Amino acid sequence: MKASSALHLSMVFLMLWLFASPALAQNGDQILDGIGETGLVARYIFKGDIKDWSRNNLHATYKNGAASFVKDKQFGEVVMLPGQKNASISLPEGTLSDMESISISCWVYLPAGKGGGYLFDFGTDSNRHFYLSMDKAGWTSGLKSGRYKVSVENNQALEPGHWQHLVVVADMAAKSFQAYLNGEPAGHPGQLSGDLTGFLDNLSGDARLHIGSSINQDNSPLAARLHDFRIYRIALTSQQVGAIYTGALNGEHQSRVNQHKMEDDLPRFAKGQPELYNQYLTGVEDVSVTTQAGDLPRLPSYVKGTYRKDIEGPLVRVIWPTPTDNSQAAKAGTYTLTGQVPGTELHPKAHIHVVDSKAIPAPALSLVPFGLDKVRLDADRNGHPTKFIENRDKFITVLAKTDPNSFLYMFRHAFGRPQPAGAEPLGVWDSKDCKLRGHATGHYLSALAQAYASTGYDPALQAIFRQKMTYMVEVLDTLAGLSGRPVKAGSAYQADPVLVPVGPGKSDYNSDLSDTGIRHDYWNWGVGFISAYPPDQFIMLEKGAKYGTQPDQIWAPYYTLHKILAGLLEVYKVTGNKKALHIAKAMGDWVYDRLSKLPQQTLIKMWNTYIAGEYGGMNDVMAGLYEVTGEKKYLKTAQLFDNIRVFYGDSTHSGGLAKNVDLFRGLHANQHIPQIVGSIETYRATGDPDYYKIADNFWYKAVNDYMYSIGGVAGARNPANAECFISQPSTLYENGFSAGGQNETCATYNMLKLTDDLFMFGQDAALMDYYERALYNDILASVAENSPANTYHIPLRPASRKQFGNADMTGFTCCNGTALESSTKLQNSIYFKGKDNQSLYVNLYIPSTLDWADKQIKVVQSTSFPYEDQTDLTIQGKGNFDLYVRVPGWAKKGFTIKINGKVQQLKATPGTYVKLSRSWKDGDRVTLIMPFQFHLDPVMDQPNIASLFYGPVLLAAQETEPRTQWRDITLDPDDLGKDIKGDPRKLRFEIGGVQFKPFYDSYERYSVYLNVHLQPKAQ
């Protein structure tokens, strides 16, 4: 089928039906002029300084003395460039890293009588640069790379004495080069040729990045006033450009989460066209579901369909209504819901039977994990290192070389302590001005503990990690011991966390962390306080502060604290370091003292404030602290972090996830997933079934209604924020695939934690099917080929590229931090054991050795999976236990079990576990054979857009240049692999001359989603 501007008829029906309820918004501003912040690289407002106002801390420098600022009627205060030699603004190296496209936006005021000059010039020399210059005859923006040159010219000079808004957009995928003046297109668009991504990559290295002069600073310095210079890593649309322009004129830059229409820039498809197997459907079964009064029913996402006689099709994806309240199920009775099969006129019914509510026991903990020291990753059957070993070793090698003083730098800075000789601070989100600094330190502690536990194969390496852990804890313990205590006998201090005063010489709490603005009066911070910044951000959150970079704004203080406490607790669990536990307990006391004094409505507001109120898994770590210590105040503290609105709907607990009501649509994904992880941990500690229901209901909805094929979530176009869940469930094509990226990697890290936790309470194979999908196709795929650099987002639009960062572990985003943890515990979910020590679950087919010390048994798993479709489990030792092996949901061609070479006559249904009970003898060998086949994973609301899998492995088309259209492939519905050439032993395939390989092996351009056509081949 061909792309078209017309919307699918059934899609229109679906959207009208789904959008009956407005998308949900969080309290707090999050979108700048309707553009999600992940698309924003840097923003220089020039209001009294040349700092970057974005979260990336790419602060500029002035090349000739100090920048000059003047008062301005339109914008208050702006920078004034004098038009003198060497008088320009320089941006830091790396500002333009990880760019697929680029957009520049700036307000310019030319004084009368001045001829102009270069607004900006980014490049290495006059043969390789990206620029905008102006003179009395007009202005020109261009991009030159060797012999290649493209430009947009405007023959009308900028009017002096007036503010003018200029925007330049280089869209590499659309191969267009466009300029805008005052919100309108200007000049004739240029046409880009080929893939110029390499050009942008070069601008991230040794290039000079100048505002107000050319890269040859002797040439045409600019005399002008400038305001709000922005750099985006996305190609701004005309609508977005207009929003920036009108927003500035109206004095409105910030906008609420769901007040802006999404950018409708994905290919659209013809009306009334059923796609993939839906074109062969003749009917879909109705379903009957029973639920308790007050709980919305859990409806099946896939329903049995009836196909033409010559077609054997899969289960049918049905999109059901998703109300934001539970009024339909409020009392006993029956009602009917009508579903939609995208692209068809089929409307299956769900008959809902509501019964009186009664107490149903939630599942008890039945499994426990093995310690990381009990599972060793092995080479494959042929002696080759697996992808798991390769990625682990990339991280372990660099981690061993890190300097703990870099991770302690900002803690010492906060407490006014001297730095050791040679200590260098971290960058990115741990730089001096960043309000999230210290977050990487928590990840670092966790990774050190995990690396220590995992490297028993190398005692020297293990000793390095123990030494680093011990040093980190000693320093943090010393600093924490200063808080809330007098500097000397008789001097003033404040031990009570509730009574922390305003900093010396200040009129109010603020988050200024500069050398001149930060407070160092640690004796007033309350006993036990530890962080890489003073307590102000915590207190400001209680008083309603919002997310941002200014002194009266904050950035997620409890998020950072969770990382620190989790790291300390992990160190204690692995090594028994009592000082680590002491620090965690003391800071836990500090948190309890403050939060326990706040009204519930204040807490509700705090935890529903965008980013500022993001607390990571504070409920998780506090419940964990309770389990370790038995002190109930830590459990009470965990429950103070209940997100009442999302968990329960309101303070009366009338709805929310506890009642299977989805109120997280449109919200920030990784702000909320860790809260759900904390919910299951709180269930473990309390036994309150609502906490289990919250976690279980969330997981089901996230995986069925919000997940991309690689296992990740988020990436919304509506709301316009790549870090948010889409605004309406099951509308991934309509509202997802953000230009700013999808699949924030740390969100997947947390989804896997949640999956593990749920599996220990209920052994649903769907949980481990998801775990396998996300582990292979997201976590493994997020790491660079030759270093531990890793992704923030993993983009899935046509011909995307992964952008990797933090190869040397000196500058962490959130996802760089979780990657440090993910890749030091890759073996953690291969096996689980029964709580009673009488059963063993084999969940993942990865070469490994399990030391089940309690049973004096070892299990050696030998395989080259997924380069072969079988695995061997060899028992070393003897004893009675139940062995459960997972039959993957994708194993539709059979699953054979052999014990010592003899085939077992057992029912092995895809998506279940098979139980093998016997008295095991030393040397017993279990062989599992699961033939792979090709299968598709369509986007739920646009099923022709689908990913191709071979067994558990997602196959990505290898692309050579950017593109805006989905790649077309045609397959046979009777046998998808009929026309696919290649070698399954190498996982290298070809379709229509295009190469396909595993996504985890794709380091250049790729297409994960394809426009798939099914066409039966003549017999």
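Quick caveat, the model's predicted, so the values are computed rather than measured. (Residues numbered from 1 in each chain as written. Predicted model: local features only at pLDDT ≥ 70, side-chain atom pairs only at ≥ 80, totals over all residues. Heavy atoms only, no water.)

So, on to the overall build of the protein chain. In terms of helices and strands, the protein chain carries 20 helices and 50 strands. In summary, the protein chain has a C-alpha radius of gyration of 29 Å against a globular reference of 31 Å for 1019 residues, a match within 12%. Counting only C-alpha atoms, the protein chain reaches 90 × 85 × 60 Å along its principal axes. Counting the 1019 residues in the protein chain, one finds 62% classified as buried. Carbon and sulfur atoms provide 48% of the accessible area of the protein chain, an area that totals close to 36500 Å². Of the charged side chains in the protein chain, 101 are positive and 104 negative, and the gap between their average positions amounts to 2 Å. (Helix = DSSP H or I, 4+ residues; strand = E, 2+ residues; numbered from the N terminus. Rg over C-alpha atoms; globule rule 2.2 N^0.38 Å. Buried < 20%, exposed > 50% of the residue type's maximum accessible area, 1.4 Å probe, protein only. Areas by Shrake-Rupley, 256 points an atom, 1.4 Å probe, with all protein chains shown as cover. Lys, Arg positive; Asp, Glu negative; His and termini not counted. Charge placed at Lys NZ, Arg CZ, Asp CG, Glu CD.)

A word on the packing of helix α13 (residues 632-640) against helix α15 (residues 669-686). For the pair α13 and α15, interaxial distance at closest approach is 11 Å and the crossing angle is 145°. Between α13 and α15 the crossing geometry is left-handed. Along the contact surface, α13 presents Leu635, Ala638 and Gln639, while α15 presents Thr682, Ala685 and Thr686. The residue inventory of the contact of α13 with α15, partitioned by class, reads three nonpolar, three polar and no charged. (Axes fitted to C-alpha atoms, helices over the stretch in contact; angles between N-to-C directions. Left-handed = near helix turned anticlockwise from the far one by under 90°. Contact = heavy atoms within 4.5 Å. Nonpolar A, V, L, I, M, F, W, Y, C, P; charged D, E, K, R; others polar.)

For strand β44 (residues 953-958), the tally of buried residues reaches five of six residues, placing the bulk of the element in the interior. Between strand β43 (residues 942-950) and β44, which pair antiparallel one after the other, the connecting turn spans two residues, and Gly951 there sits at a positive phi close to 60°. When β44 meets strand β48 (residues 994-998), the two strands line up antiparallel, connected through three bridges. Bridge assignment links Ala956 to a residue of β48, and that residue is Lys997. Sheet topology places β44 next to strand β49 (residues 1006-1007); two bridges connect them, and they run antiparallel. Considered in β49, the bridge of Gln958 is made with Tyr1006. (Pairing = 2+ DSSP bridges.)

Here we take up the domain arrangement of the protein chain. Accessible area lost on assembly of the parts is the figure often given for the size of an interface. For the protein chain, the assigned domains read domain 1 (37-250), domain 2 (278-355), domain 3 (402-632), domain 4 (649-799), domain 5 (831-929) and domain 6 (935-1014). Here domain 5 and domain 6 have C-alpha centroids that lie 31 Å from each other. Carbon and sulfur atoms make up 66% of the surface buried where domain 5 meets domain 6, a total of about 540 Å² over both sides. A per-residue breakdown of the area domain 5 buries against domain 6 is headed by Pro866, Tyr867 and Trp890, which together make up 95% of the total. At the surface where domain 5 touches domain 6, the tally comes to zero salt bridges. Taken together, domain 5 and domain 6 are joined by one residue pair in polar contact (both at pLDDT 80 or more). Within the side of domain 5 that touches domain 6, the residues separate by chemical class into four nonpolar, no polar and no charged. (Domains from an automatic or database assignment. Buried area = accessible area lost by both parts, 1.4 Å probe. Salt bridge = Lys/Arg side-chain N within 4 Å of Asp/Glu carboxyl O. Polar contact = N/O pair within 3.5 Å; in protein donor to acceptor, adjacent residues only side chain to side chain.)

Moving on: the environment of Ala584. In this structure, Ala584 sits in helix α10 (residues 578-595). In this structure Ala584 comes out as buried when scored by relative accessible area, which is 3%. Expressed as a C-alpha distance, the spacing of Ala584 and Val621, which sit 37 residues apart in the sequence, is 9.5 Å. Discounting chain neighbours no more than four positions away, the residues touching Ala584 are Leu565, Leu568 and Leu625.

Okay, the nonpolar core next. One recurring pattern in soluble globular proteins is that nonpolar side chains are buried together. Residues Phe698, Phe737, Leu883, Val885, Leu971 and Phe999 are the most contacted members of the largest nonpolar core, which totals 158 residues. In contact with Val885, other than residues within four places in its own chain, are Val842, Tyr845, Leu873, Phe895, Ile897, Thr912, Tyr913, Val914 and Leu928. With 98 residues, the next largest nonpolar core counts Tyr409, Phe529, Ala584 and Leu603 among its residues. (Core = buried A, V, L, I, M, F, W, Y, C linked by side-chain atoms within 4.5 Å.)

This paragraph deals with the packing of aromatic side chains. Following the criterion strictly, the structure yields 68 aromatic pairs and no others. Seen from their ring centres, Trp607 and Phe641 are 4.9 Å apart, and the 25° between their planes marks the pair as stacked. Here Phe641 lies in the loop between α13 and α14 (644-648) and Trp607 lies in helix α11 (residues 600-607), a separation of 34 residues in the sequence. Both residues of the pair, Trp607 and Phe641, belong to the buried class. Look at Tyr706 and Phe725: their rings are 5.1 Å apart centre to centre, the planes differ by 65°, and that puts the pair in the edge-to-face class. Here Tyr706, found in the loop between α16 (689-705) and α17 (732-735), pairs with Phe725, found in the loop between α16 and α17; they are 19 residues apart in sequence, far enough to count as distant. For Tyr706, a relative accessible area of 1% translates into the label buried. Through pairs of rings, three or more aromatic residues link up here, namely Phe415, Tyr522, Trp523, Trp525, Phe529, Tyr533, Phe538, Tyr558, Trp590, Trp607, Tyr615 and Phe641. Across the ring face of Tyr302, the terminal group of Arg317 is positioned such that the distance to the ring centre comes to 5.6 Å. The aromatic ring of Tyr1006 is capped on one face by Lys802, whose charged end is 5.9 Å from the ring centroid. (Phe/Tyr/Trp six-rings, centres within 6.5 Å; stacked < 30°, edge-to-face > 60°. Lys NZ or Arg CZ within 6 Å of the ring centre and 35° of its normal.)

All right, on to the sheet that holds strand β7 (residues 89-90) then. Picture the strands of a sheet paired through backbone hydrogen bonds; they go either parallel or antiparallel. With respect to topology, seven strands assemble into an open sheet ordered β4-β7-β16-β9-β10-β11-β12, the strand pairing being antiparallel. Of all the strands in the sheet, the pair left with one neighbour each is β4 (61-62) and β12 (148-154). Bridging between strand β9 (residues 117-125) and strand β10 (residues 128-135) involves seven bridges; their strand directions are antiparallel. By the bridge assignment, Gly117 is partnered in β10 with Met134.

What follows covers the pairing of strand β16 (residues 208-211). Where β7 meets β16, two bridges bridge the pair, whose relative direction is antiparallel. Residue pairing across strands places Ser90 opposite His210, the latter belonging to β16.

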